[in-house]
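What follows is the residue order along each chain.
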2 protein chains.
Amino acid sequence: MQNITIAAVSTRNRLGQPIDALADMRAWTEKAVRQGAELVLFPELNVTGYIQHAAARQWAEPIPGPSTRQVIQLARDMGVILSCGILEREEDRFYCTHILANGSGLIGKQRKIHTPVQEQPYWGFGGSIEVFDIGKIKVGITICRDSFFDEMTRTLFMKGAELVLMPFGYYNVPRSRYLKETIHGMSIQKACWTNGFFALVCDSAEDRAPNEWEENGAKFPGWAGVIDPWGSPLVFVERDGNGEAMVVQGISAEVLQNRRNHPNFLAAELRPELYQWTQASSETSDPGLIHLRRHFSIPRPMPT
Amino acid sequence: MQNITIAAVSTRNRLGQPIDALADMRAWTEKAVRQGAELVLFPELNVTGYIQHAAARQWAEPIPGPSTRQVIQLARDMGVILSCGILEREEDRFYCTHILANGSGLIGKQRKIHTPVQEQPYWGFGGSIEVFDIGKIKVGITICRDSFFDEMTRTLFMKGAELVLMPFGYYNVPRSRYLKETIHGMSIQKACWTNGFFALVCDSAEDRAPNEWEENGAKFPGWAGVIDPWGSPLVFVERDGNGEAMVVQGISAEVLQNRRNHPNFLAAELRPELYQWTQASSETSDPGLIHLRRHFSIPRPMPT
């Protein structure tokens, strides 16, 4: 890792209006770059729109596809790395995907791994967890609740992640209470502390009226921030409201090294030979899921 | 699981005075049982005394041994299950151990798994992670920082734990700030939420003057509490001070079932086929440690 300046933006979440969403991205990216940002993160599905409805599929695109090309162009114009969310279509399958691009092209993409039950009718489960070396730092991506799965954040650490991008599309959590008072906020801080990486987080900002697909509309609280490898927020938007917001923050390689070299850095003291997970996983081809779903009698579709 | 009433006591931490420590336990157990407690937890090494010094070894005992027999007698007299901490000697090896006993005898013991570097000169690493069925509920034990290792708490869940006993011997964290403002407190709440178990926690209570083994003495803040399977504290000692304290709390089987049957219960949605941990662990006989220690160049003794 080298020192780098990163930004996260809580943008509006427009449904099926990628041209307008990309224009939002351009305006925010200009502001971020003027403040020195070398990488800018946008929320889950910010290009396509986030909606728990089959209508979403009509707006899906291949990756790379039209919106990806626009993002690459924007990255080229601004000389910056961008990460944003697109509902991905691949043949007849759909994924909630976040891309990472610079002016030369698509660096990579991460599909949402732990798709919740309320999204499963509309898009599927990602099939691999990736870490991308962008030169100054190695980057992983968790999409929304992926960040709460200890095994996923540990996997990103094991694959070398020094920074995890955490885009969200979360309803109804007042941002002033998010980090200190919600189990989700605690979870992000714990993941950083236990794995010694930085997290760059942002949620959508939208107060959407009831519409043809959403009986109650949608209300995203619009927070953004950076958590350091000790689990401490370096910056976080906490004032009330759910308007758009941006954070720009320099992060230090020395801080990461100090955390990972601390005598009590947990990830260096694991005892894998003792953990049940390892044993359970070696027994059958898909043992964890089979074990868990049998144990809890959860009648849910298997990932595809 | 069936409904059960549990108690945790933050007791004094006496160095090498097991008779007095056992008398403390008797006094507190009487109070707890009068309030309906069926299981009472005491802090890390409360019988032997917690000290980071070779002197501790002179006070170590086999398990079962003299103190274990006293604890069984106390459990028999009070008709209760007890869990307390004894520095264990087995031949020429030493362990930081927590026992679980009822009036019929020793139910089991758990040795500390993730012994920190500052304790490693004096006692070793436990070699197995156990869950004990005590009739009404299945119980695991994490000793102090063991509770912060996601793999250990997940292992306890995978082995069936519905309640995790978390005895601590932690210095210098004001108890009024512990749960909300420290990464350790957040970590405990996250472990309960992500695994859907209850946690019964207590730290030592002691304000020990400098002495022949501790240049600066020791100051344990003396908190105790119960966290539910949603990660929410049911009861927690938060008033300032570091005096002794006790919590007694009924816990509900229905709450645990509701958490584990929630559509978004994370542990039921794991994707073990994708996690790096599994892959790394299948490569060599002790791969995780070798991998991690090579990666971070940590010159530390291997567990024995």
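About the thresholds
- Residues numbered from 1 in each chain as written.
- Chains lettered and ligands numbered in written order.
- Predicted model: local features only at pLDDT ≥ 70, side-chain atom pairs only at ≥ 80, totals over all residues.
- Heavy atoms only, no water.
- pLDDT = per-residue confidence, 0-100.
- Contact = heavy atoms within 4.5 Å.
- Phe/Tyr/Trp six-rings, centres within 6.5 Å; stacked < 30°, edge-to-face > 60°.
- Helix = DSSP H or I, 4+ residues; strand = E, 2+ residues; numbered from the N terminus.
- Buried < 20%, exposed > 50% of the residue type's maximum accessible area, 1.4 Å probe, protein only.
- Expected span 1.5 Å × (residues − 1).
- Arc of directions from axis to C-beta.
- Polar contact = N/O pair within 3.5 Å; in protein donor to acceptor, adjacent residues only side chain to side chain.
- Pairing = 2+ DSSP bridges.
- Axes fitted to C-alpha atoms, helices over the stretch in contact; angles between N-to-C directions.
- Right-handed = clockwise from strand over helix to strand, strands pointing away.

Peer 1: An account of the confidence of the model for chain A is needed here, citing residue identities and associated values.
Peer 2: A low pLDDT score tells you not to read the predicted coordinates there in detail. All names here are of chain A. On average, chain A scores 89 in pLDDT, and the residues at 70 or more come to 89%. Low pLDDT, under 50, characterises residues 293-304; the predicted model gives this stretch 26 contacts beyond four residues in sequence or across chains. Model confidence for the complex: the whole-complex pTM is 0.92, and ipTM, which rates the interface, is 0.90.

Peer 1: Explain the packing of aromatic side chains to me, and be specific about the residues and the numbers.
Peer 2: Summed over all chains, the structure comprises 26 aromatic pairs over all chains. Between Trp193(A) and Phe148(B), the aromatic rings sit 5.9 Å apart at their centres with planes inclined by 80°, giving edge-to-face as the arrangement. Taken together, the positions of Trp193(A) in helix α5 (residues 183-195) and Phe148(B) in the loop between β7 (138-141) and α3 (150-158) put the pair across two chains. By the burial criterion, Trp193(A) is buried, and Phe148(B) matches it.

Peer 1: Lay out helix α2 (residues 66-78) of chain B with the relevant residues and their values.
Peer 2: Residue and element names in this part refer to chain B. With 13 residues, α2 should reach 18 Å at 1.5 Å per residue; the first-to-last C-alpha distance of 19 Å fits that figure. Here α2 has its buried residues at Ser67, Thr68, Val71, Ile72, Leu74, Ala75 and Met78. Within α2, the buried residues cover an arc of 160° as seen down the axis, which keeps them to one side. Residues of α2 that are buried make contact with α1 (18-34), β3 (81-90), β4 (93-102) and β5 (105-111).

Peer 1: Would you mind going over unusual backbone geometry in detail, with residue names and values included?
Peer 2: Residue and element names in this part refer to chain A. The step from Ile63 to Pro64 runs through a cis peptide bond, and the omega angle for that step is 0°. Locating Pro64 in the fold gives a position in the loop between β2 (39-41) and α2 (66-78). Of note in this structure, Cys144 is not a glycine but carries a positive phi near 50°. Its location among the elements puts Cys144 in the loop between β7 (138-141) and α3 (150-158).

Peer 1: Just give me the short version of the environment of Glu269(A), but keep the residues and values in it.
Peer 2: You can see Glu269(A) is positioned in the loop between α6 (253-260) and α7 (276-281). A relative accessible area of 4% means that Glu269(A) is categorised as buried. Of the polar contacts made by the side chain of Glu269(A), one reaches the side chain of Arg145(B); its length is 2.8 Å.

Peer 1: If you had to explain the sheet that holds strand β12 (residues 224-227) of chain B to someone new, which residues and values would you point to?
Peer 2: Residue and element names in this part refer to chain B. Here 6 strands make up an open sheet; going across it, the order is β6-β7-β8-β9-β12-β13 and the pairing mixed. Looking at strand neighbours, the two that pair on one side only are β6 (131-133) and β13 (233-236), the edges of this open sheet. Each strand axis lies, on average, 20° off the axis of its neighbour in the sheet, ignoring direction. As paired strands, β7 and strand β8 (residues 163-168) are joined by 3 bridges and run parallel to one another.

Peer 1: Would you mind going over the side chain of Asn46(B) in detail, with residue names and values included?
Peer 2: Tracing the backbone shows Asn46(B) in the loop between β2 (39-41) and α2. There is a polar contact of 2.8 Å between the side chain of Asn46(B) and the backbone nitrogen of Gly85(B).

Peer 1: Can you tell me about the pairing of strand β8 (residues 163-168) of chain A, naming the residues and giving the values?
Peer 2: Residues and elements named next belong to chain A. With respect to burial, β8 is a largely interior element, 6 of its 6 residues being buried. Side-chain alternation along β8 places Leu163, Leu165 and Pro167 on one buried face and Val164, Met166 and Phe168 on a second face that is also buried. With α3 bridging β7 and its parallel neighbour β8, the resulting β-α-β unit is right-handed. Summarising the sheet, β8 and strand β9 (residues 198-203) pair through 6 bridges and their orientation is parallel. By the bridge assignment for β9, Leu165 is matched with Leu200.

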